[in-house]
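A structural walkthrough
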Amino acid sequence: MDNRFYFGFNTSEERKKRRKAELYSMSEQVSTFFWDEAPQHGLEMREGQQDMSFEIVDALINDQHFAIEAGVGIGKSFGYLVPVLLYSKRMNKPVIIATSTIALQEQLWRDVHTVMPLLGLNRDVILAKGQTHYLCNKRADEYMCDPKADPPDALKEGIQQGYEERKDFPEVLPQGVWDKVNVQRFSMKNCGSCEKKCKYYKVRAALKLTDGVVLCNQDFLTQHVMKLRRGQDGLINAAADLLVVDEAHNLDDKVRSATTERFGQGMLFGMIKSAFYELRSSDQSSVSKEKREAESAIISFYNCLKAQVQKQINDAEQDMRYADRFFFDQNGSAVELLTEMNAAIHNLSSSIQIYSSMDFRNNRSFAASDDLDAVSESLSELLDRIDDMLIWIEQHGSNTELVYCPKNTREIVSRLYFNGDERTILTSATLTNATSGSLEEQYSYFISNTGFPAGDRGCLSEPKPSPYPYDEHAMIYYCDDLPHPTREHEAFIEKGVERLLEILSISNGKALVLFTAKTDMEEVYSILSEKNLPYKILMQQPGSSQDKVLNEFKEDTNSVLLGTGAYWEGISIEGKSLSNVIIFRLPFPVPDPIIEYKCSVAKDALMDVRVPEMIIKLKQGIGRLIRNFTDTGIVCIIDRRLRDEPPERYHDITWDSLPIKNRTSSLDELRKFYEGLPSPRNDDTNGSLFGNIEQPPKKRQSENGGVSCCTMKICTKKNNI
């Protein structure tokens, strides 16, 4: 029955009954698709994939949130797309799928358009990238007309061709130029004049009306649900009551980022300058004194921050030199200087607001004045709630930033994603930090970071292991004889590079070397570049040039690529070009205000925070090696802390968590294993989008007449439902 034309009693209980009936009927469709229709299309299911789909339906029937670790290769995107797309059609509601990166968004775009025809569906699909990926026609016109600017040909030609997104323009277009012409401060109200020619405006308008599929990033989804919780209109059609968060191990970081404020000295000076020049020339002299006082207070405060950073670099242990974030010391003069800076900015903002209110020219913009006023409000809130805030310092070149966010990120994630009318599906290949104990214990770090409501309101799934033949196709080498990587850092670098060269000789290059610190990466790159090696040494590059380096690595089969940061989880290279993943020291988190705060509220800082962080990132790094059923190779951990004797406290839990059980500390054994491997190919032998599984479980009839699956009962039983 079409609910839109139901004229009977429409009580809450009636609506729940009809919803549950629709979901039971949908479960039949899911079962029929996997067991009957998919094989007719020549598709073979991957192990765990259909179980994942059935469990999602089960969670929806039970009105639960759902979390699942889905190993690399089970086809998790298809596993959730089948029930989610059917849900959107049956409920006639939009669904939102959020990922961590643009690459994953674009992959999902392709996946959705592959699955829909198989299901006989035709839903609208909107790919909503972040605003900075779109061209702002107004800013582009201003830049092109600026006599001081020198627009490159790549920009001119792209605009003439009608390009609207960053990906359309050539890679040679400098990122600094793109930042001058992209969308920076979008507003449906203020950008209305560009409605007909701005692609981002069209996307944002379509999001409000769609009843189809929205593909966005986790930042955008977080902003949407934040607005809903405040009682405001969201960024997406509010009828969407099913959310999917892919790569959900990043969710607490993304929510923290969405609630983070940051102010740099250059940024504040720029705001003051812009707000000052919004005034009439005759009024500028009236606020010159307040402007000088504000700038002087800003300089004093940021000089204090720079001194704190330098002191931490000088005084701290070796690891501190790797830090992206530095600690904010509230015990000295910093808070007093912050208070004085805020007062000076507030005085300037108030004066500018007074004079701008006297300017009655209709075409005059005072956006910068409003921004300066907002800065003052934000800093005042920080000072009022300073004990509830997590504050730190970041340094980017010569620029220093004050950064802060609420301490209670866990409570914020829980309120946004688990306390509304929506139901949330969370998935990733790395959600668990242990392989034994109850499901709550296996997912304990994820639960502690997000407040996931395991129990009646939330279903934790049995982790679905990767179907790839890891132990036949891969081996882990680990060291037991190197200097300690932090306590003996210089000796570790020297001996670590020697061991790295021995390992590279086994695979003749073909290696991705992962670092936890940019400084380590650059130091090792410098050493390797001076040697006459038989393979090219490449290093991760910032910004848009990254694709060029990755393509060069793929094409030059024997090359070696050094990377950090996003390379631990953000790249997928199949075939023999990547036959050796080298972990250049275990990825324990470096000293960091966020990590230290988590440690301060944990019972056991090492085992409850540092080790889970390390294990999750280590699993991500190791996951770069085997990307299909024919990939083969070795993983090498250049770090003695996983040695067998004497074992560290985290020895067993770390090894048990890794997908590759085949391991050795002998280079000779490693070489013998590598030389005996079959040559990897660049294709998946299954020839199937879904993969391979031996035999699907038998159907059984549920009490309500719908088709169910044994895995559903396992899921609910584990959670005492």
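All of these numbers come straight from a predicted model, not from anything done at the bench.

**Structural notes on the overall build of the chain**
A count of helices and strands for the chain gives 27 helices and 20 strands. Partitioning the intrachain contacts of the chain with sequence separation of at least 6 by distance along the chain shows that 76% fall at a separation of at least 24. As displayed, the chain has an accessible area near 32,600 Å², and 46% of this comes from carbon and sulfur atoms.

**Structural notes on the sheet that holds strand 7 (residues 325–327)**
Overall, antiparallel pairing links the four strands, which are arranged 6-9-8-7 in an open sheet. Each having just a single partner strand, strand 6 (261–264) and strand 7 make up the two edges of the open sheet. The sheet shows a mean angle of 30° between the axes of neighbouring strands, taken without regard to direction. Lying over the sheet, helix 23 (residues 593–600) contacts strand 7 and strand 8 (389–396), oriented at roughly 155° with respect to strand 8.

**Describing the side chain of Arg627**
Positionally, Arg627 belongs in the loop between helix 24 (605–622) and strand 17 (633–637). Nearest to the buried, unbridged Arg627 among oppositely charged side chains is Glu574, at 6.0 Å. Within the structure, the side chain of Arg627 is placed 2.7 Å from the backbone oxygen of Gly623, a separation counted as a polar contact. If we skip the residues at most four places from it in the chain, Arg627 touches Val72, Tyr468, Ser572, Ile573 and Glu574.

**Describing helix 8 (residues 199–209)**
Within helix 8, burial applies to Tyr200, Tyr201, Val203, Arg204 and Leu207. The buried side chains of helix 8 occupy one side of the element, clustering within an arc of 165° when seen end-on. Looking at the buried positions of helix 8, the neighbouring elements they touch are strand 3 (125–127), strand 4 (213–217) and helix 9 (218–229).

**Observations concerning the environment of Gln50**
Its place among the elements puts Gln50 in helix 2 (residues 49–61). A relative accessible area of 1% places Gln50 in the buried class. Sequence separation between Gln50 and Val30 is 20 residues; the distance between their C-alpha atoms is 8.6 Å. Side chain to side chain, Gln50 and Trp35 meet in a polar contact 3.0 Å long.

**Examining the sheet that holds strand 11 (residues 458–460)**
A sheet is described by the order of its strands in space; here seven strands give the open sequence 3-4-2-5-10-1-11, paired in parallel fashion. Only two strands of the sheet have a single neighbouring strand rather than two, namely strand 3 and strand 11. Strand-to-strand twist in this sheet, taken as the mean axis angle between neighbours without regard to direction, amounts to 15°. Here three bridges tie strand 3 to strand 4, and the two strands are oriented parallel to one another. Considered in strand 4, the bridge of Ile126 is made with Val214. Each of strand 2 (95–99), strand 3 and strand 4 touches helix 4 (residues 102–119); the most contacted strand, strand 3, lies at about 170° to it.

**Some words on the side chain of Asp111**
Mapped onto the elements, Asp111 comes out in helix 4. In this structure Asp111 is buried but unpaired, with Arg110 as the nearest side chain of opposite charge at 6.1 Å. Polar side-chain contacts of Asp111 include one of 3.0 Å to the side chain of Ser77. Setting aside anything within four residues of it in sequence, one finds Asp111 in contact with Ser77, Phe78 and Leu81.

**Quick notes on the packing of aromatic side chains**
Under the counting rule described, the total for this entry stands at 17 aromatic pairs. Consider the rings of Phe34 and Phe54, whose centres lie 6.1 Å apart with planes at 75°: the pair is edge-to-face. Separated by 20 residues along the polypeptide, Phe34 in helix 1 (residues 12–40) and Phe54 in helix 2 bring together distant segments of the chain. Here Phe34 and Phe54 have matching classes, each one buried. Ring centres 5.0 Å apart and planes at 40° place the aromatic pair Tyr134 and Tyr200 in the tilted group. Taken together, the positions of Tyr134 in the loop between strand 3 and helix 5 (137–145) and Tyr200 in helix 8 put the pair 66 residues apart, joining distant regions of the chain. Classification of Tyr200 by relative accessible area gives buried; the value is 3%. An aromatic cluster is defined as three or more aromatic residues linked by ring pairs; in this entry it consists of Phe33, Phe34, Trp35 and Phe54. Lying across the ring of Phe276, Lys291 places its NZ or CZ 5.2 Å from the centre.

**Here's the deal with the confidence of the model for the chain**
With 89% of its residues at a pLDDT of at least 70, the chain reaches an overall mean of 87. Taken together, the stretch residues 682–689 has pLDDT below 50 and engages in 20 contacts with residues farther than four places along the chain or on a different chain. Between residues 691–721, whose pLDDT stays under 50, and residues either more than four places distant or in other chains, the model counts 69 contacts.

**Description of the pattern of salt bridges**
Enumeration according to the criterion identifies 38 salt bridges in this entry. Residue Lys598 pairs with Asp252 through a salt bridge whose shortest N-O separation is 3.2 Å. Remark: Asp252 occurs in helix 10 (residues 251–258) and Lys598 occurs in helix 23; sequence separation between them is 346 residues. Take Lys598 and Asp252: they sit in the same class, and that class is buried. Among the salt bridges present, the one from Arg325 reaches Asp592, with a minimum N-O distance of 2.6 Å.

**Overview of the pairing of strand 17**
Burial analysis of strand 17 places five of its five residues in the buried class, the great majority of the element. Of the two faces of strand 17, the one lined by Gly633, Val635 and Ile637 and the one lined by Ile634 and Cys636 are each fully buried. One ladder, built from five bridges, connects strand 12 (residues 474–478) with strand 17; its direction is parallel. Looking at strand 17, one finds that Ile476 is bridged to Val635. In terms of strand pairing, strand 16 (residues 580–584) meets strand 17 through four bridges, oriented parallel. Along strand 17, the bridge assignment pairs Val581 with Val635.

**Re helix 3 (residues 76–91)**
The terminal C-alpha atoms of helix 3 lie 23 Å apart, and with 16 residues this matches the ideal 22 Å at 1.5 Å per residue to within 8%. With 14 of 16 residues buried, helix 3 lies mostly within the body of the structure. Count one or two residues on from helix 3 and you reach Asn92, which has phi positive near 55°.

Scoring rules and cut-offs
Residues numbered from 1 in each chain as written. Predicted model: local features only at pLDDT ≥ 70, side-chain atom pairs only at ≥ 80, totals over all residues. Heavy atoms only, no water. Helix = DSSP H or I, 4+ residues; strand = E, 2+ residues; numbered from the N terminus. Contact = heavy atoms within 4.5 Å. Areas by Shrake-Rupley, 256 points an atom, 1.4 Å probe, with all protein chains shown as cover. Pairing = 2+ DSSP bridges. Axes fitted to C-alpha atoms, helices over the stretch in contact; angles between N-to-C directions. Buried < 20%, exposed > 50% of the residue type's maximum accessible area, 1.4 Å probe, protein only. Lys, Arg positive; Asp, Glu negative; His and termini not counted. Salt bridge = Lys/Arg side-chain N within 4 Å of Asp/Glu carboxyl O. Polar contact = N/O pair within 3.5 Å; in protein donor to acceptor, adjacent residues only side chain to side chain. Arc of directions from axis to C-beta. Phe/Tyr/Trp six-rings, centres within 6.5 Å; stacked < 30°, edge-to-face > 60°. Lys NZ or Arg CZ within 6 Å of the ring centre and 35° of its normal. pLDDT = per-residue confidence, 0-100. Expected span 1.5 Å × (residues − 1).

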